[in-house]
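# Residue-level structural notes
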Amino acid sequence: MINPAELDLLRDALATMARGYSALPEFTPDFDQPAVAAVLQTVAERMQDNYPYYHPQYAGQMLKPPHAIARIAYAMSLWVNPNNHALDGSRASSPLEKECIVELGAMYGWDNPLGHLTGGGTMANLEALWIAGRLRPGKRIIASAQAHYTHQRISDVLGLPFAPVAVDDAGRMRLAAIESLLQQGDVGTIVATIGNTGFGAVDSLPAILDLAQAYGVRVHADAAYGGYFGLCDNLGPAARAAYDRLNEVDSIVVDPHKHGLQPYGCGCVLFRDATVGRFYKHDSPFTYFSSAELHLGEISLECSRPGASAVALWATQQLFPLTRDGQFAGWLGQGLDAAQEFWQRLSASARFQPLMRPELDIVVYAVVAASTSAASTAAREVFARAADAGLHLAMMEVPATIVAAYLPSATVDSRSVTCLRSVLMKPEHGDWLDRIMQLLEASAAA
Ligand SMILES: *Cc1c(COP(=O)(O)O)cnc(C)c1O
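Residues numbered from 1 in each chain as written. Predicted model: local features only at pLDDT ≥ 70, side-chain atom pairs only at ≥ 80, totals over all residues. Heavy atoms only, no water.

### A few points about a nonpolar patch on the surface
Cut-off, in case you're wondering: By definition, no residue in a patch forms a salt bridge, and every one has over 30% relative accessible area; like charges are joined within 9 Å, nonpolar side chains (Val, Leu, Ile, Met, Phe, Trp, Tyr) within 5 Å. What sets the accessible areas is the Shrake-Rupley method with a 1.4 Å probe; for residues, cover comes only from the shown protein chains. For this document, the term salt bridge refers to a Lys or Arg side-chain nitrogen within 4 Å of an Asp or Glu carboxyl oxygen. Under the DSSP-based scheme used, a helix requires at least four consecutive residues in state H or I and a strand at least two consecutive residues in state E, with every element numbered from the N terminus.
A grouping of Phe31, Val36, Val39, Leu40, Val43 and Met47 is seen on the molecular surface, where their side chains present a nonpolar patch of about 570 Å² in accessible area. Mapped onto the fold, Leu40 is located in helix H2 (residues 33-47).

### Overview of the site of the ligand
The cut-off we apply is this: One heavy atom suffices: a residue is near a molecule or strand as soon as one of its heavy atoms comes within 4 Å of it. Here a polar contact is recorded for every N or O atom pair within 3.5 Å, except that within protein the pair must consist of a potential hydrogen donor and a potential acceptor, and residues adjacent in sequence are included only if both atoms are side-chain atoms.
Around the ligand, a shell composed of 13 residues is seen, among which Gly121, Thr122, Asp222, Asp255 and Lys258 lie nearest. The backbone of Gly121 places a nitrogen or oxygen atom 2.7 Å from an oxygen atom of the ligand. At 2.6 Å, a side-chain N or O of Asp222 approaches a nitrogen atom of the ligand. Protein burial of the ligand: of its 380 Å² of free accessible surface, 87% is covered by the chains. Of all the secondary-structure elements, those providing two or more residues to the shell around the ligand are helix H5 (121-135) and helix H10 (256-259). Top element by residues in the shell around the ligand is H5. It accounts for three residues.

### Describing the pairing of strand S5 (residues 218-223)
Remember that side chains alternate between the two faces of the sheet whenever the strand is regular. The following threshold applies: A 1.4 Å probe rolled over the protein chains alone gives each residue an accessible area, and that area as a share of the maximum for its type sets the label: buried under 20%, exposed over 50%, partly exposed in between. Any two strands are treated as partners once DSSP identifies two or more bridges connecting them. Here, the term right-handed applies to a crossover whose path from the first strand over the helix to the second runs clockwise when the strands point away from the viewer.
Extensive coverage of S5 is indicated by the burial of six of its six residues. Burial along S5 is two-sided: the residues Arg218, His220 and Asp222 and Val219, Ala221 and Ala223 are all buried. Bridge analysis of strand S4 (residues 187-193) against S5 gives five bridges, and the strand direction is parallel. Residue pairing across strands places Ala192 opposite Ala221, the latter belonging to S5. What joins S4 to S5 is helix H8 (residues 205-215), and the crossover it makes is right-handed. Of the pairings in the sheet, the one linking S5 to strand S6 (residues 251-254) comprises four bridges and is parallel in character. By the bridge assignment for S6, His220 is matched with Ser251.

### Quick notes on the sheet that holds strand S1 (residues 114-118)
Whenever strands of a sheet pair, they do so through backbone hydrogen bonds, lying parallel or antiparallel. Operational definition: The convention used is that axes are lines fitted to C-alpha atoms, helices contributing only their stretch in contact, and that angles between N-to-C directions extend from 0 to 180 degrees. The criterion used for residue contact is that any of the two residues' heavy atoms lie within 4.5 Å.
Taken in spatial order, the seven strands line up as S1-S7-S6-S5-S4-S2-S3 in an open sheet, and their pairing is mixed. Of all strands in the sheet, those with a lone pairing partner are S1 and strand S3 (162-165), marking the two edges. On average, adjacent strands in this sheet sit at an angle of 20° to one another, irrespective of strand direction. Two elements, strand S2 (residues 140-144) and S4, share four bridges in a ladder whose sense is parallel. In the sheet register, Ile141 faces S4, and the bridge partner there is Thr189. Across the sheet, H5 is in contact with S1, S2, S4, S5, S6 and strand S7 (267-271); its angle to S7 comes to roughly 25°.

### Considerations on the packing of aromatic side chains
Given two aromatic rings, one states the distance between the centres and the angle between the planes to describe the pair. Condition: The rule is short: rings of Phe, Tyr and Trp, with Trp giving its six-membered ring, pair when the centres are within 6.5 Å, and they are stacked under 30 degrees, edge-to-face over 60, tilted in between.
Taken as a whole and assessed by the stated rule, the structure comprises seven aromatic pairs. Measuring from centroid to centroid gives 5.0 Å for Trp130 and Tyr280, while their planes differ by 75°, and the two rings are edge-to-face. Of this pair, Trp130 sits in helix H5 while Tyr280 sits in the loop between S7 and helix H11 (307-319), and the two are 150 residues apart along the sequence. We note that Trp130, like Tyr280, is buried. Aromatic pair Phe342 and Tyr365: ring centres 5.3 Å apart, planes at 85°, arrangement edge-to-face. Here the residue Phe342 occupies a position in helix H12 (residues 327-348), and Tyr365 occupies one in strand S9 (residues 362-367), the gap between them amounting to 23 residues. With relative accessibility at 1%, the residue Phe342 sits in the buried group. Residue class for Tyr365 comes out buried when judged on its relative accessible area of 0%. Each residue in the set Phe342, Phe352 and Tyr365 is aromatic and connected to the rest through ring pairs, giving one cluster.

### A look at the pattern of salt bridges
Tallying each qualifying case throughout the model produces 16 salt bridges. Across the pair Asp255 and Lys258 runs a salt bridge whose closest N-O atoms are separated by 3.5 Å. Per residue, the accessibility class of Asp255 equals that of Lys258, and both read buried. The salt bridge involving Arg380 is made with Glu397; its shortest N-O contact spans 3.3 Å. Pair noted here: Arg380 is in helix H13 (residues 372-388) and Glu397 is in strand S10 (residues 394-399), with a separation of 17 residues, a long-range link. Under the relative-accessibility criterion, Glu397 is labelled partly exposed at 41%. Taken together, the shared-partner salt bridges in this structure form one network comprising Asp8, Arg11 and Asp12.

Dropping the structure here:
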């Protein structure tokens, strides 16, 4: 689980960092070592109670540990604990955050976006929809019925009306449903989900952009999960077409803590038009804004934010630049391939029925049964037996109408169907598919 070389690298890098402070009189903070050690041993024991997110046999939720470089860089900054609110508290890490934003913006073809890191995708989407509401006061937000549930809740927080848009069997928003909402005249913003959390389906952005232009509404892209896949050269044509026009939306959310190799606490919001920064204007009696340069606290709803997130992300982007031919894109592409391969193998199995072909690296599959309620019961049993055998999956409640399209022989006797869901987000997942299939078949046969 732990490569001991990481601890050596951390120690060496910390020694270099500490030399930057050697002009001051020696001062080493003290602490009660035996007491700390005793509690840490207890913590270590408590932390044994986790699913093995780092292991390829964890093929469930969107979870994995950060890359070593992110982990080490994050840990280093804990001895400084910079706060990326004002430059005084983050002389090194605020500039690193701004460089990260420039690079993330460049990935979407944006030269000079306004943007910053956030605690996660929820905060980032809140800011995007807050700006959307300022520019289209009182107007409706519409998002896929398969969009992250946070959009409906955020709209409620912002006091904006919200409407879900029905999806097709591929898990994408139905264009006719979008248009009939637009015809009512009260929509301000369409949220396009570029990789939804459940299925990994990519909303049809080219058509959405055309509709938005015809009706004069904003488009926000929630790419919290899918935001990096545009770097891949093995996307299907529909997904490719969506990523190719992502630069035309008004705002984008991407979560470096999902596919960007980062520890939790790292989301990002970007606005194509940097002048929306005017809405953030505030007069803080507390913040001592020491220079004319931009303090990130002036363009963020959150005040104190971990500089550590920026340090970790910057280090990661140095090592793995966000380019289409790089190592990082290659890893994402391996996940896409693994998902296609897994879908094929599930199709060939008599016990499982995969739903839509994956567009990104998520595969959702039903257990074959005579009725939808029996399929749900069977999925729960497979989930539990696989976990006992060391294979960790996720479950998802899918509307029965969608499942019925893929499992036409099953009697529909429930509103939703419990399906199994695997996010194949580790580059090694492809090599483990033989074993994953074996464990799955054995769990379904038992
Ligand atoms: C994960 C996710 C969110 C929520 O982001 P958090 O980082 O969990 O707050 C929003 N939208 C999509 C599409 C997501 O996948």
